[in-house]
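A closer look at the structure
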Amino acid sequence: MGITNPTPPTKVKELFDRLAPNYDQMNNVITLGIQNSWRKQTMNYLRLPVNAQVLDLCCGTGHWTLDLARAANDTSRITGLDFSPQMLELAKAKLANSNLQSKVRLLQGDAMKLPFADNSFDLVTIGFGLRNVHDAQQVLREMTRVTRPGGQVVCLETSQPQGGILKMGWKMYFSLVPWVAKLCGNQRQDYRYLQKTAERFPTAPRLAKLFQEAGLAKVEYHYFTFGAGALHFGTKIR
C-alpha cells in the first residue's frame, strides 16, 4: 500500500500559494527552529561528486536548494522544482540576493511527472514535501528514474516518535499548530491540513520499505529529535 494524499493537487497548490509569504517564518515557529538543525545534519549524509547534477524537489522557497548549491563545487548544477509559483517567486528572490545564480535554476513542475530524462542526476532530494504530493510512491519512482546508477535519493520529513509518551506529546504539540498559526495571522484551516498530513505520513520503517519498492538499495534512515523528524536515503544500483 502506497502513500496517497486525499486533497486534490489543485487545492494543495492553492494552499501553498497562500502560505508562501509567511512560510519560512512559520516553519521556524512551528518547529522551534529545529528544522534548520535537521537540514545541517542531513548535509553530512549526502554524496556530492565534482560536477554534480542535483535535483531538489518540492523546493518551496529554495532554502535547501541554496544550501545544496553552497555545498557543491562551482561546476555543479542544482535544479529546484516546485509546483507553487508563489513559492518559486520567493526562491527566485533569495537566489537573486546570493552569489549562486550560475549554479542554480528554478523550475515549476510536477514531482509525479518529472520533465527530465532517465539517469540525469547524481543526487535527488525532497525536503518536507513528500507528505504533500498526491501519490508519494509515484514520486519516489520518478526520483529513482531520473537518478543515475550509483546516485542517491534523499528524503527529509517530519516523522512520528515511537515511544508512547513521546508519541503522545508529539500529537498534542501538533494539535496546537493550527492555533499557533492563527495567532500569527494565518488561516487555521491551512495549518490544520499540514497537521493532518503529518499525522497520516507513515513511520520511518514503512517509508524505508517504500524506498526499496521504488527500486532503491542500501536504504537507511536516521531519526532526528527523538523521532520528530527522519532522514531516508537510498542508492540506485542500475
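Residues numbered from 1 in each chain as written. Predicted model: local features only at pLDDT ≥ 70, side-chain atom pairs only at ≥ 80, totals over all residues. Heavy atoms only, no water.

Mapped onto the secondary structure, Asp-17 falls in helix α1 (residues 9-19). For Asp-17, a relative accessible area of 19% corresponds to the buried category. At 2.5 Å, the side chain of Asp-17 forms a polar contact with the side chain of Ser-84. Ignoring any residue separated from it by four or fewer positions in sequence, one finds Asp-17 in contact with Ser-84, Pro-85 and Gln-86. (Helix = DSSP H or I, 4+ residues; strand = E, 2+ residues; numbered from the N terminus. Buried < 20%, exposed > 50% of the residue type's maximum accessible area, 1.4 Å probe, protein only. Polar contact = N/O pair within 3.5 Å; in protein donor to acceptor, adjacent residues only side chain to side chain. Contact = heavy atoms within 4.5 Å.)

Per the counting criterion, the structure on display carries six aromatic pairs. Taking 6.1 Å as the distance between ring centres and 65 degrees as the angle between the ring planes, the aromatic pair formed by Phe-16 and Tyr-23 counts as edge-to-face. For the pair formed by Phe-16 and Tyr-23, the shared burial category is buried. Both rings, one in Phe-116 and one in Phe-121, keep their centres 5.1 Å apart while their planes meet at 85 degrees; by these two values the pair is edge-to-face. Of the two residues examined, Phe-116 and Phe-121, each falls in the buried class. A network of ring pairs unites the aromatic residues Trp-38, Phe-128 and Phe-224 as a single cluster. (Phe/Tyr/Trp six-rings, centres within 6.5 Å; stacked < 30°, edge-to-face > 60°.)

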